[in-house]
Number of protein chains: 2
Amino acid sequence: MSTEKFEDRKARIVLQQCLSARLQVQPKSDTEEAQFVEIGRGLIVYICFLKGSTSDTVSKMVKAALNTRLSANDEGKLVSILELPGDVLIVPQATLGGTLKGKLMQYHKNIDKEEGKKLYDEFVQSCNDIVKQNNPNVSVQSGTYGNRQVFRTDTNGPYTHMIEF
Amino acid sequence: MSTEKFEDRKARIVLQQCLSARLQVQPKSDTEEAQFVEIGRGLIVYICFLKGSTSDTVSKMVKAALNTRLSANDEGKLVSILELPGDVLIVPQATLGGTLKGKLMQYHKNIDKEEGKKLYDEFVQSCNDIVKQNNPNVSVQSGTYGNRQVFRTDTNGPYTHMIEF
C-alpha cells in the first residue's frame, strides 16, 4: 500500500465494541423530553465522509464494519458483528474528518453537509438491511445527522479500530 | 501535505470529550476486587504507537492532545483541555494501529510491546506534569498498558477526533 496518500482518503470510520450504548436522537425541547436510542452488546460505528465519497465508498464501509472480525465471542474468538450476532449503533461524527492546523482542527476535507446526509442515510439503510436479513432479532440504531451526539457507553474493552476508505 | 504517506505514520490518537469516564486498571482477582480510575468533565485520549515512534513523537502527541481547541466551554467557545480546564483520561489502545486485510485487522505496524510501554509511560508522565502545573485541581488518570480497557463513559457529544503523527 506504499502508493496510498493522505489526500486519497474518502471516508473514515472508528469502531468500538460495547456492552451497551445510548444515544440521543432528539434533544429536549420546551414541549417534549429528549429521545434516545439504545443498543445492547454490539458495535458502535462512528462515521465521517470526506470529499469524493460516493455510494461505492458506502458499500465498502458497510462491508468492512459488518464483516471484519473485531468482536470477541463468549469463547474469546474474534468474529464479525454479523457472526456474533450483536447490535449496531451508527453515530455520525463529522469531527473525525478534521486535520490539525496549529491549535485548531480544520474540516475543509469534509464532504458537503447535504451530500454527507445522503451517504449517511445510505449507510444506515444498508447496514439495517444486511444485519436484519442475517438475524431479525438484533437491533440497528443510528444518530441524527448534524446533531450533537449526546452519548454514553459501557464496554468490556472498546477494542477501538480506525479504518479509512 | 501532499507528500505524506501512510507508512510514515508513527502514532495515532483518538480524542473524545466526556462528562465522566471510568476505566478499570486492575481486573478482579480471586482475592481482590477490580480497581478503577475515574475522571469528570474532560478529555479521553486513546493512544497507539507505531513502529518508528520516539520520545520526540511523544512530545508532539502531548502538545496536540493538551493544546488543541476541542472542548466547548460553558459559553460554547472551543478551548483546549488546559484552558477549560478539564480532567484527562489516557487509554492505551494498541488496536488503533490495525490495518484491514480481508476480514482481519493486522497489527504488524505496531511498535514492540516493551518500547510501546516505555513511550506510553513517557506520555502519561508528560501529560501529568503539564496538566498539574497548569492547574493542580484537575485529574490525570491512565489505564494499565497491555490490559483490556474495561471502560464506560458519558458524554454531551464526544466530538471524536483522530490525529496522526
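Above this text you will find the structure in question.
The structure reproduced in this document is the subject of the present report. (Residues numbered from 1 in each chain as written. Chains lettered and ligands numbered in written order. Predicted model: local features only at pLDDT ≥ 70, side-chain atom pairs only at ≥ 80, totals over all residues. Heavy atoms only, no water.)

All right, on to unusual backbone geometry then. The phi torsion of most residues other than glycine is negative, and most of the peptide bonds are trans. Looking along the chain, the bond that leaves L84 of chain A and enters P85 of chain A is cis, with omega of -20°. With respect to the helices, strands and loops of the structure, P85 of chain A is situated in the loop between β6 (78-79) and β7 (87-92). One non-glycine residue, Y159 of chain B, adopts positive backbone phi at about 45°. Within the element layout of this structure, Y159 of chain B appears in the loop between β11 (151-155) and β12 (161-164). (Helix = DSSP H or I, 4+ residues; strand = E, 2+ residues; numbered from the N terminus.)

Right, let's get into the relation of the copies chain B and chain A. Superposition record for chain B on chain A: RMSD 0.0 Å, screw rotation 180°, translation along axis 0.0 Å. The superposition of one copy onto the other is thereby described by a two-fold rotation axis. Both copies share a contact surface, since 100% of the interface residues of chain B are interface residues in chain A too. (Least-squares fit on C-alpha atoms with pLDDT ≥ 70 in both. Contact = heavy atoms within 4.5 Å.)

Take the sheet that holds strand β10 (residues 140-142) of chain B next. All names here are of chain B. Strand order in this open sheet of five strands is β10-β7-β4-β1-β12, and the pairing throughout is mixed. Bordering the open sheet on either side are β10 and β12, each of which pairs with just one other strand. Across the sheet, the mean angle separating the axes of adjacent strands is 20° when strand polarity is ignored. In the sheet, strand β1 (residues 11-18) pairs with strand β4 (residues 42-49) via eight bridges, with the strands oriented antiparallel. When the sheet's bridge partners are listed, L15 is paired in β4 with V45. (Pairing = 2+ DSSP bridges. Axes fitted to C-alpha atoms, helices over the stretch in contact; angles between N-to-C directions.)

Attention shifts here to the side chain of Q149 of chain B. Considering the arrangement of structural elements, one finds Q149 of chain B in the loop between β10 and β11. From its side chain, Q149 of chain B meets the backbone oxygen of N147 of chain B in a polar contact 2.8 Å long. (Polar contact = N/O pair within 3.5 Å; in protein donor to acceptor, adjacent residues only side chain to side chain.)

Across the boundary between the two partners, chain B contributes 41 residues, which contact 41 residues of chain A. Between chain B and chain A lies a buried interface of about 4,000 Å² when both sides are counted; carbon and sulfur atoms form 57% of it. One can count two salt bridges joining chain B with chain A. Among the ionic pairs, R9 of chain A bridges to E164 of chain B, the shortest N-O distance being 3.5 Å. Between the two partners, chain B and chain A, sit 21 residue pairs in polar contact (both at pLDDT 80 or more). Those elements that place two or more of their residues in the side of chain B that touches chain A are β1, α1 (55-67), β9 (104-106), β11 and β12 of chain B. Of all the elements, β11 of chain B adds the most residues to the side of chain B that touches chain A, at five residues. Counted by class, the side of chain B that touches chain A contains 16 nonpolar, 14 polar and eleven charged residues. With five bridges joining them, strand β11 (residues 151-155) of chain A and β11 of chain B adopt antiparallel strand pairing. In the strand pairing of β11 of chain B, T155 of chain A is matched with F151 of chain B. (Buried area = accessible area lost by both parts, 1.4 Å probe. Salt bridge = Lys/Arg side-chain N within 4 Å of Asp/Glu carboxyl O. Nonpolar A, V, L, I, M, F, W, Y, C, P; charged D, E, K, R; others polar.)

The subject of this paragraph is α1 of chain B. Look at α1 of chain B: 18 Å from first C-alpha to last across 13 residues, which is about the 18 Å you get at 1.5 Å a residue. Residues of α1 of chain B that are buried: T57, V58, M61, V62, A64, A65 and L66 of chain B. Close packing links the buried residues of α1 of chain B with β8 (99-101) of chain A together with β1, β4, β7 (87-92), α2 (113-134) and β12 of chain B. (Expected span 1.5 Å × (residues − 1). Buried < 20%, exposed > 50% of the residue type's maximum accessible area, 1.4 Å probe, protein only.)

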